[in-house]
Amino acid sequence: MKQVLLDLQSGSIRVEDVPVPAVTRGVVVENAYSLISAGTESSLINLAGESLIGKARARPDDVKKVLQKIGTDGPLPAYRQAMSRLAKPEPLGYSSAGTVVKTGTDDFEVGDRVACAGAGYAVHAEYVAVPKNLCVRIPDGVGLREAAFTTVGSIAMHGVRNAHVTVGENVAVIGLGLIGLLTVQILKAAGCRAIGIDIDREKLALAADLGADAVSNYDGLAERMKVFSPFGADAVVITAATPSSAPIEAAGRLVRDKGRVVVVGNVGMNVPRDIFYEKEAEVVVSRSYGPGRYDRNYEERGVDYPIYVRWTERRNMEAFLELVRQKRIDLDRLITHTFPLDSAPEAYDLISAGRERYIGILLQYSPNGAGASGTVTRLSGPVARKVPAGARTIGCIGAGVHAQSALYPNLPGLPVNLAGVATATGLSAQSVAKKYGFAYCTTDYRAILDDPGIDAVLIATRNDLHAPMAIDALAAGKDVFVEKPLATDTEGLRGVVRAYSESENRLMVGFNRRYSPLARKMKEFFEKRSTPMVLHYRVNAGQIPPGHWVHDDEQGGGMLISECCHFFDLMQYLTGARPVQVYARAIEATGTLRKYDNFQATLAFADGSVGTVTYTTLGDRSYSKETVEVFCDNAVGRITDFRDLELRRDGKVARERRWLAQEKGFIEELRAFVKGEEADFAGSVATTLATFRAWESIDTGRSQKIDIGTVGL
């Protein structure tokens, strides 16, 4: 299928072939029309067109993260990760309408006409995959062309709701672009009197034609407002888009005592305190298109709110379409341009050049001959690579930040054929395939497993998919490299063990730290030890945002399971012994702190060694993240952030320092997998089980035994 993409490095717009997205908790829709949001999309395009310095100035928080990464990981990994993000094309669009062609929910059937919403979902593409709560049926009497405005219409709808207007109130609308003109019509449908304010005469005239009771530019606005409403506006809705604070200042002068100002557009927010103080006026920044926005449970999982949360995103979308059905909203007057999908770059040129006036710009789609089954896209002319005869052929599943920053950049340098890469979204699959030289990309991971030419699979998806995909890959007769954690629960781990036992193929888990050259030197340093080890692994992780996917009970498994398995495994590697018991305690959850994010876990190993992991999100990120210390035979070893190694014995000190980058073992583990080295599967199972038992120890307050026999090994 074809999709509109933005190059974040150059700012250019292009239309490219990508695989049809996979259906998950919602529907796959064949688009008929999508609406270009000139304001929102132009700001992203303008940012993409900036130099690296310009991008940095626009996003200081991202720059701070890069600087922190330089301090812990080194300049090369920080640079690679930043450039990897910029190299990935950005999808454009968030409002479309079309027909359901695949469904993964009982809410919709194939053939339903639907309006779709959401950045990253309702994009400018022939087919889109949209969660069920961001889809609504289009009522009879409303065309697909009109329904493509639903997302923007619901933004206007939510702005009006935030104004808490009632029948007969006087409302000013500042900024008569697309959302402003929709706002005027919604206010009229709600029984309000509306005054439209803008500097553009044509927009003022159009607002009057669409029902505004009065229109005005800024000249003499105060006097005109007195004529419209002697006591001022009951509410002011700002739908303008400008860095200037002039709209908020004007709103303060126009609103009545104890009135409400609702900011919908992206405007300057230098609020004049004296004006708002004297009137005790309220300022509300309207958040997109209703309750549910930015809530992953609502948007991604489809968990609806009870009806007393009356106007959610989806219900606002339905209400807008009902107004369109009732002919209370005129959209024909707002459509100034319609472009075929292939001419999308011309549509954006029109916006950026400002050669002619525009309001509503639609992209129109022709029926796609490939249909919704086009989940595999072959790349023309992949990057030529010299690969030895008989080299392994690898297929990859998943392409998140870790895969693209730590794993995939190493693949072109290995003696392997890169067959296919699968991700849930076609854009991600296409981007990775082009960047690293895969022969094809797909949104159906089973296409990788069913490919007879592929003998090894690399799985780097979200955590909860690791176990089931590893099981499927083993059943398909493939060698498997699966990122950590191997599983997120005991049942999943038991399933992997069973599949491995029934298979003749190898399975390696991405416990990369044991492959680090620094870790291997430390192990060699203690190779002839005569006493057990005492180990301490301190992890200064930094605060994890509450909404981060790792906290998702379904997807992540929490930091203890998803990240601390690394630290348990490295201690197992250094001791050369299995963990047999664990005792863990965590600080109580409070505020934004999660129960399993700040803890200490002490492990006992079969050879008598003991190791403690201290994991905390309470430290300063500028401090080193990982430090592992080993005490044994009157000697000490220490690794800091996998950049510094210090070994002490008999008063003598040996030090090594990596200046440009960490040596975490990513290339080494992949090289071992490609060579066919036998991995420590039992050790990986023991490590994974140890994290589950540590979790149980925190919950019960008692130590827990670690017996891999309980999972079938």
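Just so you know, these numbers come straight off a predicted model, no measurement behind them.

A.B. asks: Any chance you could explain the nonpolar core here in plain terms?
C.D. replies: Across soluble globular proteins, nonpolar side chains show a tendency to be buried alongside one another. Ranked by size, the top nonpolar core spans 77 residues in total, and within it Ile459, Leu486, Leu507, Tyr537 and Leu574 carry the most contacts. For this core, the element with the highest residue contribution is helix α22 (residues 564-575), accounting for 8 residues. Not counting residues within four places of it along the chain, the set of residues in contact with Leu486 comprises His466, Ala467, Leu493, Val496, Leu507, Val509, Phe681, Val685 and Thr688.

A.B. asks: What should I look at first to understand the sheet that holds strand β1 (residues 2-6) in this one?
C.D. replies: Hydrogen bonds between backbone groups are what pair the strands of a sheet, and the pairing can be parallel or antiparallel. Sheet architecture is open: 3 strands sit in the order β2-β1-β4, paired in antiparallel fashion. The strands lining the two open edges of the sheet, one partner per strand, are β2 (13-17) and β4 (90-91).

A.B. asks: In this structure, what is going on with the pairing of strand β22 (residues 479-482)? I would like to understand it.
C.D. replies: Every other side chain in a regular strand lies on the same face of the sheet, so the side chains alternate between the two faces. Where burial is concerned, the two faces of β22 agree: the one with Asp479 and Phe481 and the one with Val480 and Val482 are both buried. Alignment of strand β21 (residues 456-459) against β22, held across 4 bridges, turns out to be parallel. Among the inter-strand pairings, Ala456 is bridged to a residue of β22, identified as Asp479. Each parallel crossover has a hand, and for β21 linked through helix α18 (residues 466-475) to β22 it is right-handed. Where β22 meets strand β23 (residues 507-509), 3 bridges bridge the pair, whose relative direction is parallel. Bridging across to β23, Val482 finds its partner in Val509. With helix α19 (residues 490-502) bridging β22 and its parallel neighbour β23, the resulting β-α-β unit is right-handed.

A.B. asks: For this particular structure, what's the right way to read unusual backbone geometry?
C.D. replies: A negative phi angle is the norm for most residues apart from glycine, just as the trans form is the norm for most peptide bonds. The peptide bond linking Lys484 to Pro485 adopts the cis configuration, its omega dihedral lying at -10°. Mapped onto the elements, Pro485 comes out in the loop between β22 and α19. One non-glycine residue, Lys258, lies in positive phi territory at about 60°. Structurally, the position occupied by Lys258 is in strand β13 (residues 255-263). Overall, Lys258 belongs to the exposed group, its relative accessible area being 56%.

A.B. asks: Where do I start with a nonpolar patch on the surface in this structure?
C.D. replies: Together, Met269, Val271, Val283 and Val285 line one region of the surface with nonpolar side chains, adding up to about 300 Å² of accessible area. Positionally, Val283 belongs in strand β14 (residues 282-285).

A.B. asks: In this structure, what is going on with the side chain of Glu626? I would like to understand it.
C.D. replies: Among the secondary structure elements, Glu626 is positioned in strand β28 (residues 626-632). Classification of Glu626 as buried rests on a relative accessible area of 2%. Other than its neighbours up to four places away in sequence, Glu626 contacts Arg513, Tyr537, Arg538, Val539, Phe567, Ile639, Thr640, Asp641, Phe642 and Lys664.

A.B. asks: Sorry if this is basic, but what is going on with the packing of aromatic side chains here?
C.D. replies: The description of an aromatic ring pair uses the distance of the two centres, along with the angle that the planes make with each other. Counted according to the given criterion, the structure contains 10 aromatic pairs. For the pair Tyr408 and Tyr436, a centre-to-centre distance of 6.1 Å together with 70° between the ring planes defines the contact as edge-to-face. Placement of the pair is Tyr408 in the loop between α15 (401-407) and β19 (416-422) and Tyr436 in helix α16 (residues 426-436), with a sequence separation of 28 residues. For Tyr408, a relative accessible area of 0% gives the class buried. The interplanar angle of 20° and the centroid separation of 3.7 Å between the aromatic rings of Tyr500 and Phe681 together place this pair among those described as stacked.

A.B. asks: Would you mind showing me how to read the sheet that holds strand β11 (residues 214-216) here?
C.D. replies: The 6 strands are arranged β11-β10-β9-β12-β13-β14 in an open sheet whose pairing can be described as parallel. At either margin of the open sheet sits one strand with a lone partner, and together these are β11 and β14. Direction aside, the axes of adjacent strands within the sheet are offset by 20° on average. In terms of strand pairing, strand β10 (residues 193-197) meets β11 through 3 bridges, oriented parallel. Bridge assignment links Ile195 to a residue of β11, and that residue is Ala214. Packed onto the sheet, helix α9 (residues 221-228) meets β9 (170-174), β10, β11 and β12 (233-238) and runs at close to 170° relative to β10.

A.B. asks: So what exactly am I meant to see when it comes to the packing of α19 against helix α24 (residues 681-700) here?
C.D. replies: The axes of two packed helices give the description: the angle between them and the distance between them. It is the contact of α19 with α24, at a shortest axis distance of 10 Å, that shows an interaxial angle of 170°. One element, α19, and the other, α24, form an angle in the roughly antiparallel class. On α24, the residues touching Thr490, Leu493, Val496, Val497 and Tyr500 of α19 are Phe681, Val685, Thr688, Leu689, Phe692 and Arg693. Among the residues making up the contact of α19 with α24, the classes are represented as 8 nonpolar, 2 polar and 1 charged.

Parameters and conventions
Residues numbered from 1 in each chain as written. Predicted model: local features only at pLDDT ≥ 70, side-chain atom pairs only at ≥ 80, totals over all residues. Heavy atoms only, no water. Core = buried A, V, L, I, M, F, W, Y, C linked by side-chain atoms within 4.5 Å. Buried < 20%, exposed > 50% of the residue type's maximum accessible area, 1.4 Å probe, protein only. Helix = DSSP H or I, 4+ residues; strand = E, 2+ residues; numbered from the N terminus. Contact = heavy atoms within 4.5 Å. Pairing = 2+ DSSP bridges. Right-handed = clockwise from strand over helix to strand, strands pointing away. Patch = residues over 30% accessible without salt bridge, like charges linked within 9 Å, V, L, I, M, F, W, Y side chains within 5 Å. Areas by Shrake-Rupley, 256 points an atom, 1.4 Å probe, with all protein chains shown as cover. Salt bridge = Lys/Arg side-chain N within 4 Å of Asp/Glu carboxyl O. Phe/Tyr/Trp six-rings, centres within 6.5 Å; stacked < 30°, edge-to-face > 60°. Axes fitted to C-alpha atoms, helices over the stretch in contact; angles between N-to-C directions. Parallel < 35°, antiparallel > 145°, perpendicular 65-115°, else oblique. Nonpolar A, V, L, I, M, F, W, Y, C, P; charged D, E, K, R; others polar.

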